[in-house]
Amino acid sequence: MSHHTPAKKSLGQNFLVDRRIVSRILSAADLTPGDTVLEIGPGRGILTRPLAERTSALTAIELDDNLASTLTTEFASLPHVRIVHADAREVDISSVVAPDIAYKLIANLPYYAAQPIIRRFLEAAHKPTLMVVMVQREVARTMTAAPGDMSLLSVATQLYGRPRIVASVPPRSFRPAPKVTSAIVRIEVYPQPALPLDSIDAFFTLVRAGFSAPRKQVHNCLQQGLSVTRDAAETMLSDAGIDPKRRPQTLSLYDWGSLYAAWRLRYPETDAHPQSLRQN
Ligand code: SAM
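Remember, it's a predicted structure, so these values are computed and weren't measured experimentally. Along each chain, numbering runs from 1 in the same order as the chain's sequence is written. In keeping with the model being predicted, local features are shown solely for residues with a pLDDT of at least 70 and side-chain atom pairs are shown and tallied solely at 80 or more, while totals for entire chains, interfaces and linings include all residues. Side-chain metrics in this entry use all non-hydrogen atoms of the structure; hydrogen atoms and water are not considered.

A. Representation of the site of the ligand in the model. Nearness is defined per residue: one heavy atom within 4 Å of the molecule or strand is enough. Looking at the ligand, there are 24 residues lining it, with L16, G41, E62, N108 and Y112 nearest. Between N or O atoms, a polar contact is any pair within 3.5 Å; within protein, one atom must be a potential hydrogen donor and the other a potential acceptor, and residues adjacent in sequence are included only when both atoms are from side chains. A distance of 3.4 Å separates a nitrogen atom of the ligand from a polar backbone atom of L63. The method behind every accessible area is Shrake-Rupley, applied with a 1.4 Å probe, and residues are considered shielded solely by the protein chains displayed. Within the complex, the protein chains bury 99% of what would otherwise be the 600 Å² of accessible surface of the ligand. Helix and strand labels come from DSSP, where a helix needs a run of H or I of at least four residues and a strand needs a run of E of at least two; each type is numbered from the N terminus. Every element with two or more residues in the shell around the ligand is listed here: strand 1 (15-16) and strand 3 (57-62).

B. Quick look at the pairing of strand 5 (residues 104-108). Burial within strand 5 is extensive, with 5 of its 5 residues counted as buried. Of the two faces of strand 5, the one holding K104, I106 and N108 and the one holding L105 and A107 are both buried throughout. Strand pairing follows a simple DSSP-based rule, namely that at least 2 bridges must link the two strands. One ladder, built from 4 bridges, connects strand 2 (residues 36-40) with strand 5; its direction is parallel. Across the sheet, E39 pairs through a bridge with I106, a residue of strand 5. With 5 bridges joining them, strand 5 and strand 6 (residues 130-136) adopt parallel strand pairing. Bridging across to strand 6, A107 finds its partner in V133. Assessed by its sense of winding, the connection that carries the chain from strand 5 through helix 5 (residues 114-123) to strand 6 is right-handed. Burial classification: accessible surface area is computed with a 1.4 Å probe over protein chains only, and a residue below 20% of its type maximum counts as buried, one above 50% as exposed, and the rest as partly exposed. Here, the term right-handed applies to a crossover whose path from the first strand over the helix to the second runs clockwise when the strands point away from the viewer.

C. Focus on the side chain of H126. Counting through the fold element by element, H126 comes out in the loop between helix 5 and strand 6. For H126, a relative accessible area of 16% gives the class buried. Reaching out from H126, the side chain makes a polar contact with the backbone oxygen of I101 at a distance of 2.9 Å.

D. Just the packing of aromatic side chains, in detail. Only centres within 6.5 Å qualify two rings of Phe, Tyr or Trp (six-membered ring in Trp) as a pair; their planes then separate them into stacked at under 30 degrees, edge-to-face at over 60, and tilted for everything else. Inspection of the entire model under this criterion finds 4 aromatic pairs. Measuring from ring centre to ring centre gives 5.2 Å for F211 and W256, while their planes differ by 40 degrees; the resulting arrangement is tilted. Taken as a pair, F211 in the loop between helix 8 (200-210) and helix 9 (218-226) and W256 in helix 11 (residues 253-266) lie far apart in primary sequence, 45 residues in all. When its relative accessible area of 12% is taken as the criterion, F211 is described as buried. Among the aromatic side chains, those forming a connected cluster through ring pairs are F203, F204, Y260 and W263.

E. Examining the nonpolar core more closely. Nonpolar cores were defined as sets of buried Ala, Val, Leu, Ile, Met, Phe, Trp, Tyr and Cys residues, with membership established by side-chain atoms within 4.5 Å. Counting residues in hydrophobic clusters, the biggest one holds 64 residues, and the most contacted among them are I40, F203 and L259. In this structure, I46, L51, V81 and I184 belong to the second largest nonpolar core, which totals 28 residues.

F. Structural detail: the sheet that holds strand 9 (residues 182-189). Within the open sheet, the 7 strands sit side by side as 4-3-2-5-6-9-7. Their pairing is mixed. The open sheet is flanked by strand 4 (81-85) and strand 7 (161-169), the only strands paired with a single partner. For this sheet, the mean inter-axis angle between neighbouring strands, taken without regard to orientation, is 20 degrees. With 5 bridges joining them, strand 2 and strand 3 adopt parallel strand pairing. The residue of strand 3 that forms the bridge with T36 is A57. Should any heavy atoms of two residues lie within 4.5 Å, those residues are counted as being in contact. Only the stretch in contact is used when fitting a helix axis, every axis being a line fitted to C-alpha atoms; angles between N-to-C directions are given from 0 to 180 degrees. Contacting strand 5, strand 6, strand 7 and strand 9, helix 1 (residues 19-28) runs over the sheet at an angle of about 150 degrees to strand 6.

G. Region of the structure containing the confidence of the model for the protein chain. The score called pLDDT rates the predictor's confidence residue by residue, from a low of 0 to a high of 100. A residue-level look at the protein chain finds 95% of positions with pLDDT of 70 or above and a mean pLDDT of 94. Segment residues 273-280: pLDDT under 50, and 19 contacts once partners within four positions in sequence are set aside and those in other chains are kept.

H. Expanded view of helix 10 (residues 230-239). If you check which residues of helix 10 are buried, you get A232, A233, M236 and L237. Take helix 10 and look down its axis: the buried residues cluster within an arc of 130 degrees, on one side only. Opposite the buried face of helix 10, by more than 90 degrees, sit the exposed residues D231 and S238. Considering only its buried residues, helix 10 is in contact with helix 8, helix 9 and helix 11. Of the residues flanking the end of helix 10, it is G241, one or two places downstream, whose phi is positive at about 75 degrees. Each direction from the helix axis to a C-beta atom contributes to the arc, which is the arc of those directions.

I. Here's a closer look at unusual backbone geometry. Residue P176 follows R175 across a cis peptide bond; omega there is -15 degrees. Within the element layout of this structure, P176 appears in the loop between strand 8 (174-175) and strand 9. A positive phi is found at D30, a non-glycine position, where the angle reads about 45 degrees. Looking at where D30 falls in the secondary structure, it is placed in the loop between helix 1 and strand 2. By relative accessible area, D30 is classed as partly exposed at 45%. For S227, which is not a glycine, the phi torsion comes out positive at approximately 55 degrees. When you line up the elements, S227 lands in the loop between helix 9 and helix 10.

If you want it as structure tokens, here you go:
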């Protein structure tokens, strides 16, 4: 393609121009010819074309009107490729991949919407088995953080899968070049969440409360975030075997699981707030 409409900043359009990075993404996806792939934000198609060659079914969701229509024309002769003009933050997943079909999600994500898109697919009833996504490196580091540097996003990612950073990607690999360094993250998605939770919403109510003041000790955060007494917060923590003086970022995913179990035992009637995670 020789004529491009200008990149739209508001849609996070930083197009990949580095073929080596395309190869890194493809190899991280461990593609086999029978794979079904969902691409988010195909843009000008630099990933879409090799994906179409290597998979038996490819659906690509693009929000930009012009790009969606150009791609639809370009791929019209390939029956196994479908371009869907939609917003990946809201799309009905069952309308893009049949519920009984396993799929991999591959994307160079628009940065403004990367977290809602990742969250939506990790939380979905029909999750991908594998995600390979380009995000800002800082976001990648938070997703993959170990105890000591954990945050709500680390817990929310690691509950659903095992993330690792495949490569850092410099701004010069994109046009226009973004201001920040990016990273490719590979997430092996678990068939079931890593913790046995009776309510995901209630779990995130607790975790959000726990991170309500990340610099403070965890008993303070729980007191403040759950509106409970100091005694109640300390009892929950001691039931869970967690020193109340620890900072919330030092708790592992499994510490949060133990704390959740202790909280549910003491407060079984606690209402979950369905918006709890999404509000952040
Ligand atoms: N995949 C292309 C590449 O690597 O060059 C484009 C990547 S660019 C970072 C992000 C793409 O996502 C753009 O094409 C943009 O129009 C599209 N996009 C932005 N917001 C979107 C959304 N909410 N849903 C689906 N696509 C979106």
